[in-house]
Amino acid sequence: MGACWSIRARVWLSCAVASFAVGAPAAFAPLSGDTGGADTRCEALLQSGLSDTLGTPVAFDGARIESGEWEGQALPRHCRIEGRLNPRTSPVDGREYAVAFVLRLPLEDVWNGRFVQLGGGGSNGATPTALDTLFASNTTPLLRGFAVIDTDGGHNASNADPQAGGSAAFGRDPQARRDHFFNAYDMVARTGKFLAGQFYDAPMRSYFMGCSEGGREALLMAQRFPEHFDGIASGAPQFLQPMQSLSSVRGLQILAKEARAQGLMAPDGLPAIHKVFSDGDLLLAANAIAAACDGADGLVDGLVSNFRQCSNTQVMARLRARECTGDKRANCLLPSQIETLEALHAPVRNAAGEPIYVGYPWDTGITAKSAGFRAWWLGDYAKPASNSIRLHFSSNMLRMVWSDPAEPFALDQGPSIALAYPYALRPANPAVAWPARSGDPDEAAGVAMINDDPDLDAFRARSGKLLLWAGAADATHSLYQTQGYVERLTERYGAQRDTFARFFVAPGVGHCRGGPGPDQADLLGALVDWVEQGTAPDAIVARAVAPQSYARPLCSYPAYAHYRGGPVDEASSFSCTLAEPTS
């Protein structure tokens, strides 16, 4: 058995071929008795003419009225539709492919008049359930009365191959690549809105929510399919993922160099990168970051809320003050460890000196084990060998999805490939670095997976609203990446950017959630209020629930939460304040 990471499930899973999967399914039961004719209307959707509307074959896998439980909460009665769009046999690998979806339509007594599409995670391929947990929430939109749809992105576990990059084996099939890049999400949006329209025969508002890969899909919708949604929330979007993959292997190689220097080797013969920093070492780093930057937000509370006032120069001075003068001890860091930390936070350049990917902000969330620095870069310290997500995921995408043609490899060779990958030889222009054999930009990862177009004129013209957010301690898709996109929007739209696109930073929060920062907030509610009431969010209250409970306002960028006095665990004790960045 191998191991793989599911961003949707947010856990490591046992996977025979390293395919993505979600956690245990909720318990459901078909409803019996009077459903007011809803069962008939639900089944009638199978004959609704969806295939003609989409212009592609559709295979339905059932329609029924059901109830059930989700994480101990009773779900409303709803019509559940499962189906597959464009089912086909690949001429490349002989496997069965389709864009699978699950749509859940609450009955009229609980439907709130809204439709939401949920984005995916990782490289997708997870069985859709339409019950994903939203970022910053312990609920699913179905519980709030939304009609909900999601998709596997056009491939699933049956398409995985341990001799061809595991879950990324779909990259051999050109149509599967197109589906993953953009096509699946457009088709599923049209599917959900068409079937919901048939079922309710009433006006409705439409929303998209996603984080990580789902955040990229969210930006894709605003840029390429602006007609689909009234409101879009994009969290930690991986809209530069092909270039970020180069950043990943470069960072892994830096860690491997340090592991070798410390004489740290794993039983598998690879450098033990998970041993380069102990949890105590990361705490020393976090304390140095706090000493350098915590007070810039008016309160020493372990959070760097004013990240724009936290410079590399400030942090490095504090780290060097914790440098060992001799052998390694628990209360100091080796000079080479400090250099490694600085290199991991620095921008990445190729051999020509051209920038490939942005750096990472210094944040006290570096101590986070879940969805943070250790999980993404290092792996579990107690394991015999590293289970770093980057180590076990980067090669899959670099060789099987970004490269065209795909370059198959045995899955157990992935870490070795990552540690030797010639990242510095790639051009800085994504379109040149990752072209398509066919010349079709829709099949080129360097074009179709680079969703950074600041032209949102069409989305803005139909009064669409875009809410972006990122965790400052995100150790995979840098906060600076999303910040840079927002700055490009500001260059294009000036002060008008705030009227339709706003950005929120969660200090101390990792990739989509986790870390010591406040990672519980009603982003969907804020988006709905903005779209339907015209109430633009200047601040969104976020809460941390463990290990201690407190609240902070997440301020609309470039403002940050400044302490003005009062109980430090209450959001009302902070105000949103502007600040200029340090050099």
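Once a new chain begins, its residue numbering starts again from 1 and follows that chain's sequence as written. For a predicted model such as this one, the threshold for reporting local features is a pLDDT of at least 70, and the threshold for listing and counting side-chain atom pairs is 80 or more; totals across whole chains, interfaces and linings nevertheless cover every residue. Here the side-chain values reflect all heavy atoms present in the structure, with hydrogen atoms and water set aside.

Chemist: Sorry, what's going on with the overall build of the protein chain here?
Modeler: A count of helices and strands for the protein chain gives 16 helices and 19 strands. Since a compact globule built from 583 residues should have a radius of gyration of about 25 Å, the 23 Å found for the protein chain is in line with a globular shape. Each of the three principal axes of the protein chain carries a C-alpha extent, and together these read 75 × 60 × 45 Å. For the protein chain, the proportion of its 583 residues judged to be buried stands at 60%. Here the protein chain has roughly 21,000 Å² of accessible surface; of this, 50% comes from carbon and sulfur atoms. Secondary structure elements are taken from DSSP: a helix is a run of H or I of four residues or more, a strand is a run of E of two residues or more, and numbering for both begins at the N terminus. Atoms considered for the radius of gyration are the C-alpha atoms alone. The globule rule reads 2.2 Å times the number of residues to the power 0.38. Only protein chains enter the area calculation, which uses a 1.4 Å probe; residues under 20% of their type maximum are buried, those over 50% are exposed, and those in between are partly exposed. Surface accessibility in these figures is a Shrake-Rupley result with a 1.4 Å probe; residues are shielded only by whichever protein chains are displayed.

Chemist: Where do I start with the side chain of Gln337 in this structure?
Modeler: You can see Gln337 is positioned in helix α8 (residues 335-345). The contact criterion used throughout is that any non-hydrogen atoms of two residues lie within 4.5 Å. Apart from residues no more than four positions distant in its own chain, Gln337 is found in contact with Glu258, Gln262, Val276, Phe277, Asp281 and Lys328.

Chemist: In this structure, what is going on with the confidence of the model for the protein chain? I would like to understand it.
Modeler: One rule of thumb: low pLDDT means the predicted coordinates there are not for detailed reading. In the predicted model, the protein chain carries a mean pLDDT of 91, and the fraction of residues at 70 or more is 92%. Confidence over residues 1-34 falls short of pLDDT 50; this stretch has 97 contacts with residues more than four positions distant or in other chains. On a range of 0 to 100, pLDDT expresses the predictor's confidence in each residue.

Chemist: Looking at this model, I keep getting lost on the environment of Leu319. Mind explaining?
Modeler: Its location among the elements puts Leu319 in helix α7 (residues 312-320). By relative accessible area, which is 0% here, Leu319 ends up buried. A sequence separation of 56 residues divides Leu319 from Gly263, and the C-alpha atoms of the two residues are 23 Å apart. Every residue in contact with Leu319, bar those within four places of it in the chain, is listed here: Ala285, Ala288, Leu333, Ile338, Leu341 and Trp362.

Chemist: What is the right way to look at the environment of Asp268 in this model?
Modeler: Here Asp268 shows up in the loop between α5 (241-261) and α6 (279-293). For Asp268, a relative accessible area of 47% gives the class partly exposed. As a C-alpha pair, Asp268 and Ser386 span 118 residues in sequence and 9.6 Å in three-dimensional space.

Chemist: Could you clarify how one ought to interpret unusual backbone geometry in this entry?
Modeler: Keep in mind that most residues, glycine aside, have a negative phi and that most peptide bonds are trans. Residues Asp404 and Pro405 are joined by a peptide bond in cis, for which omega reads 10 degrees. If you trace the backbone, Pro405 turns up in the loop between α10 (389-402) and α11 (414-420). The amide bond that connects Tyr557 to the next residue, Pro558, takes the cis arrangement and shows omega of 15 degrees. Assignment of secondary structure puts Pro558 in the loop between β17 (550-555) and β18 (560-563). Residues other than glycine seldom take positive phi values, yet Ala236 does so here, at roughly 40 degrees. For Ala236, the position within the fold is in the loop between β10 (231-235) and α5. Overall, the relative accessible area of 1% leaves Ala236 in the buried class. For Ser463, which is not glycine, the phi dihedral falls at a positive 65 degrees. With respect to the element layout, Ser463 can be found in the loop between α14 (457-461) and β13 (465-471).

Chemist: Looking at this structure, how should I read the sheet that holds β17?
Modeler: Adjacent strands of a sheet form backbone hydrogen bonds with each other and so pair up, either parallel or antiparallel. In this description, strands pair whenever DSSP reports at least two bridges between them. If you walk across this open sheet you meet the three strands as β15-β16-β17, and the pairing is antiparallel. Looking at which strands have only one partner, the edges of the open sheet turn out to be β15 (520-521) and β17. Examined bridge by bridge, β15 and strand β16 (residues 539-544) share two bridges and lie antiparallel to one another. Within the sheet, the bridge partner assigned to Ala521 lies in β16 and is Ala542.

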